[in-house]
Each structure stands twice: as C-alpha cells, then as structure tokens.
Amino acid sequence: MEHAFTNPEFLWRTPQPRASYDVVIVGGGLHGLSTAYYLAKNHGIRNVAVVERGWLGNGNAVRNTTVIRSNYLRAESMPLYDFGLRLWEGWEAELDYDLMFDQRGVLALTHTKVEANGVKRTVAANRLTGIDAEWLEPDDIKAFCPIVNVSPDIRYPVMGASLQRRGGIARHDAVVFALARAASALGVDLLQGCEVTGFEMAGNRVTGVLTSRGRIGAGRVGLVGAGRSPLLAGLAGFSLPIQSYPLQALVSDIVDPVLDCVVMSGTLHVYVSQAQKGELVMGAGRDTYHSYAQRGSFQILEHQIQAALELYPIMRRAHLLRTWAGIVDVTPDASPILGRSPVDALYINCGWGTGGFKASPVSGYVFAHALVHEVPHELATSFSLERFETGTLVDEHGAAGVAH
C-alpha cells in the first residue's frame, strides 16, 4: 500500500484541456475528485475533466478537522452517511493508499438533561437502523477517555455521551493524493490553475465551461465547489439557498499521546482529536457573519479554548501552533443539495456544511450516479434542490447534536 509521505510517486496528469469532455467537474477538492473517480470506476466515463482554480485540495479539503462518523438522526441522513462510512472502511484497500484511517471512536458529550435526552433519542434511532451507537454515563466516559473532566462542579457538567466506535479520523491530504492518483490513472484530466469564469449556454442548457485556460465543451457539468457554491451558481444564472461562513479550527504543537478518540461537545461547540503525529486538532463554531475568507474571528477561538481547557485540564500544558478557517456552505436544514439545477445538463453537489469530509466517498458515489443516469441515486432522492420549494426539508440542524 502506498503512503503519501514516504513515497514520492503520487503524481497525476495535468494536461492541456481538450476541446470538450463528456463531463466537467468544477472543483478539485475531495468531493470533486471523488466524483471523477467514481465516474470512471463505476460507470466507465473517463472523458472527464476536473477544473480547479488553484491546486487540487487547496480549499476546504485541507482546512477541516477530519471527523468521520455516521450517527445522524434523520431517516434520510442515516443511510447516506453510513454507506459513506462503509466506503471509508474499504477505501484504503480500494485506492491502494495509506489514508491513515483510524476508527478510534467518536464521543459526543452532553451537558444538559434536554441535550442528553436528544442524544439518547439519536442513539436509539441509530440502533434501530443498524448503526452502531452507545450511551455512556459519566463514569463510563471517564473509563473510555480519561482526560475528560466529568466533575459535577464545572460550569457545564458532563451528563453523559453517545459513542460510535466505528467513527474516527483520516489524513485529509492523503485522501486528496489517493483520489487524484486513482482518477488520473483511470484517464481523468486534472486541470489545475484553471478558474471558471462563466458558462456557455444554448437556451437553458449548459454546453461549455469558460475558464482562464479557454473554453471547454461539456456534455454535462457538475458544480462541486465547496465554499464557493453560491458564486458558481450565480455564474450559471441561478441562486442557491446557501449561506457561506468561516468555520474555526486550530492545532497545538506536538505532544505525547493523550487522546485516542474524538470528543465533541454540542453545547460548548468544541471538538478535539489528536493527529497521528501528535498535534491536538481542535474545531470550533462558525463565525456569525458571511464570508469567503479563510480566516476567522478571535472571539470564536477564545471561546473554543476556554471550553477545551475546562473539559480537558491537561491541555493547559499545550501551546497553540496555528489557526485557520474553512468555508462552510450552510443550507436552511443543514443537509446537502444533490442533483439537478434549474439549468439543463448542470448538476449541483453542495451545502454539506460541516459534514463534508466524512461524506467524501458517498458524495462522489451518488453524484456520479446522478451525472450518468440523470436521476438521483436512491440514497440521495431526498436531497434535491426542489425540497426548498415543497417544504420537505431534511432538518439536521440540531437533530443530531453538534453538526460535525
């Protein structure tokens, strides 16, 4: 199995654009690369271009905190994310690449009786649908993750937690390398430094993509630009029910192993894991303003660190190494949009919010199906754009605790 950080042969083709492609994918992040890979692997569609204005994986792909889980609440979401988790469980062998996928368990703390009752409901719903889930009392939490402060005297006492043992983390840039290499080997053109400036239309049908490297003809186009979806839709002449926000995160310096699971807190909105090489990777809430800037506000980070130090006193000995922000596209119901757009032959895959990294395999899998068959995959039928007209929302906004 190849490893991104010891083997230098993770190269892919970056040719001049062809005159036209069967499918053009706009966005060279995890979801765009995953879509291109599954177009070629599952459907034999290899005349595919991925166009990326910067370099592959330069956006949210490497600005997330790599949490992987499937314990959502809604009946529409659970099978989608759990199929994605099953894909994760086989991806290293399939891609022949060390993704540093580690099913160390995801623990979601609760701090109020109301929150605890809601999480218990999610645990029960998960177990009814065959998704692994457990409820832990404070003593069980301490046994599973000794560094958590379960004292009843802290400001937000820990009431209990859910645990998904199959959840975990992976190395985000390794996933970019693996998907790029696999897609390229199957014949996909990966066009870096190729910014989309508009779309060529014939009536209401898209026929080409206008880029900084010239016009590219397209039989079908998939918009998979996380953090830029409203801007891309605007170039095609329609709007999306999406707002974009910076989402905060940070890492510490390298420390000895102290945390062998992922711990989240919905009330305090801080979640933390420890990367394989030793940094404490910590995520926070999103900023309150709309922005496409990949930086955030100090007060969000300050709240995040205060909460972390109360929950994990041992972290007072760590030092802040760096901070950053990703851009999350948030729909009114905190669920993705997958499928047709108002423009013929143009399809959209966006609005994953904070669920993007964990959905990398299933997003590409179901979106490739939609691009080939022109109808949504059975796992994605509830996530069409039309649901915002009919009111049939898939409201995960708080339904499954913290959204990450």
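Structural notes, computed from the coordinates. (Residues numbered from 1 in each chain as written. Predicted model: local features only at pLDDT ≥ 70, side-chain atom pairs only at ≥ 80, totals over all residues. Heavy atoms only, no water.)

**Let's talk about the overall build of the chain**
Next, step 1: Assigned secondary structure in the chain consists of nine helices and 20 strands.
Next, step 2: In terms of overall dimensions, the chain is globule-like: its C-alpha atoms have a radius of gyration of 21 Å, near the 22 Å expected for 404 residues.
Next, step 3: Considered along the principal axes of its C-alpha atoms, the chain spans approximately 65 × 50 × 40 Å.
Next, step 4: Counting across all 404 residues of the chain, residues that qualify as buried make up 57%.
Next, step 5: Summing over all exposed atoms, the chain offers an accessible surface of approximately 16100 Å²; the carbon and sulfur share of this is 52%.
Next, step 6: Distance between charge centres in the chain, computed from 34 positive and 39 negative side chains, equals 2 Å. (Helix = DSSP H or I, 4+ residues; strand = E, 2+ residues; numbered from the N terminus. Rg over C-alpha atoms; globule rule 2.2 N^0.38 Å. Buried < 20%, exposed > 50% of the residue type's maximum accessible area, 1.4 Å probe, protein only. Areas by Shrake-Rupley, 256 points an atom, 1.4 Å probe, with all protein chains shown as cover. Lys, Arg positive; Asp, Glu negative; His and termini not counted. Charge placed at Lys NZ, Arg CZ, Asp CG, Glu CD.)

**So, the side chain of K358**
Next, step 1: By the element assignment, K358 lies in the loop between β20 (346-350) and α8 (360-373).
Next, step 2: E396 provides the closest opposite charge to the buried, unpaired K358, separated from it by 10 Å.
Next, step 3: Separated by 3.5 Å, the side chain of K358 and the backbone oxygen of T354 make a polar contact. (Salt bridge = Lys/Arg side-chain N within 4 Å of Asp/Glu carboxyl O. Polar contact = N/O pair within 3.5 Å; in protein donor to acceptor, adjacent residues only side chain to side chain.)

**Let's talk about the packing of helix α1 (residues 30-43) against helix α2 (residues 77-95)**
Next, step 1: Orientation of α1 relative to α2, taken along the N-to-C sense of each, is 70°, at an axis distance of 15 Å. Put simply, α1 runs roughly perpendicular to α2. α2 is crossed by α1, and the crossing has left-handed handedness. Facing S34, Y37, Y38 and K41 of α1, the residues of α2 in contact are L87, W91, E94 and L95.
Next, step 2: Class assignment of the residues belonging to the contact of α1 with α2 gives a composition of five nonpolar, one polar and two charged. (Axes fitted to C-alpha atoms, helices over the stretch in contact; angles between N-to-C directions. Parallel < 35°, antiparallel > 145°, perpendicular 65-115°, else oblique. Left-handed = near helix turned anticlockwise from the far one by under 90°. Contact = heavy atoms within 4.5 Å. Nonpolar A, V, L, I, M, F, W, Y, C, P; charged D, E, K, R; others polar.)

**A short note on the environment of V24**
Next, step 1: Tracing the sequence through the fold places V24 in strand β2 (residues 20-26).
Next, step 2: Between the C-alpha atom of V24 and that of S70, which follows or precedes it by 46 residues, the distance is 30 Å.
Next, step 3: In contact with V24, other than residues within four places in its own chain, are A49, V51, V209, I216, G217, A218, R220, V221 and G222.

**Structural notes on the packing of α1 against helix α5 (residues 172-185)**
Next, step 1: The geometry of α1 relative to α5 is characterised by a closest axis approach of 9 Å and an angle of 30° between their N-to-C directions. What the angle tells us is that α1 and α5 run roughly parallel. The element α1 and its partner α5 pack so that their crossing is left-handed. In this structure, α1 contributes L30, L33, S34 and Y37 to the contact, and α5 contributes H172, V175, V176, L179, A180, A182 and A183.
Next, step 2: Of the residues in the contact of α1 with α5, the class split is nine nonpolar, two polar and no charged.

**Side note on the sheet that holds strand β18 (residues 320-330)**
Next, step 1: Reading across from one edge, β7-β8-β6-β15-β16-β17-β14-β18 is the order of the eight strands in this open sheet, with mixed pairing throughout. This sheet does not close on itself; its edge strands, each paired only once, are β7 (134-136) and β18. Sheet twist, expressed as the mean angle between neighbouring strand axes with direction ignored, is 20°. (Pairing = 2+ DSSP bridges.)

**Structural notes on the nonpolar core**
Next, step 1: Core analysis: the largest hydrophobic core is formed by 52 residues, its most contacted members being W88, W91 and L95.
Next, step 2: Put simply, the parts of the chain that give this core at least two residues each are β2, α1, β3 (48-51), α2, α5 and α8.
Next, step 3: When near neighbours in sequence (up to four residues on either side) are disregarded, W91 contacts S34, Y37, Y38, D96, L99, V175, L179, S360 and P361. (Core = buried A, V, L, I, M, F, W, Y, C linked by side-chain atoms within 4.5 Å.)

**Overview of the pairing of β2**
Next, step 1: In terms of burial, β2 is largely enclosed, as five of its seven residues are buried.
Next, step 2: Following the chain from β2 across α1 to the adjacent parallel β3, one finds a crossover that is right-handed. (Right-handed = clockwise from strand over helix to strand, strands pointing away.)

**Observations concerning the pattern of salt bridges**
Next, step 1: Per the stated rule, a full pass over the model turns up 15 salt bridges.
Next, step 2: Across the pair R18 and D189 runs a salt bridge whose closest N-O atoms are separated by 3.2 Å. With a gap of 171 residues between them, R18 in the loop between β1 (2-3) and β2 and D189 in strand β10 (residues 189-191) connect regions that are remote in the sequence.
Next, step 3: For D189, a relative accessible area of 2% translates into the label buried.
Next, step 4: When salt bridges with common partners are traced through the structure, they connect D82, R86, E89, D132 and R166 into a single cluster.

**Notes on the pairing of β20**
Next, step 1: Most of β20 sits inside the fold, with five of its five residues counted as buried.
Next, step 2: Pairing of strand β13 (residues 214-223) with β20 involves three bridges; the strand directions are parallel. Each bridged residue has a counterpart across the sheet, and for L223 the counterpart in β20 is I348.
Next, step 3: Here strand β19 (residues 337-340) runs beside β20; their pairing, made up of four bridges, is antiparallel. Paired with G339 across the strands is I348, a residue of β20.
Next, step 4: The turn linking β19 back onto β20 is made up of five residues, and A345 within it adopts a positive phi angle of 70°.

**A closer look at the packing of aromatic side chains**
Next, step 1: Within the structure shown, the criterion is met by eight aromatic pairs.
Next, step 2: On the basis of an interplanar angle of 70° and a centroid distance of 5.1 Å, the ring pair of Y38 and Y365 is categorised as edge-to-face. In this pair, Y38 sits in helix α1 while Y365 sits in helix α8, placing the two residues 327 residues apart along the sequence.
Next, step 3: One aromatic cluster is present, built from ring pairs that chain together Y37, Y38, F83 and Y365. (Phe/Tyr/Trp six-rings, centres within 6.5 Å; stacked < 30°, edge-to-face > 60°.)

**Thoughts on α1**
Next, step 1: Helix length check: α1, at 14 residues, gives a terminal C-alpha distance of 19 Å against a target of 20 Å (1.5 Å per residue), a fit within 8%.
Next, step 2: Judged by how many residues are buried, α1 sits mostly within the fold: 11 of 14 residues are covered.
Next, step 3: Buried within α1 are the following residues: L30, H31, G32, L33, S34, T35, A36, Y37, Y38, L39 and A40. (Expected span 1.5 Å × (residues − 1).)

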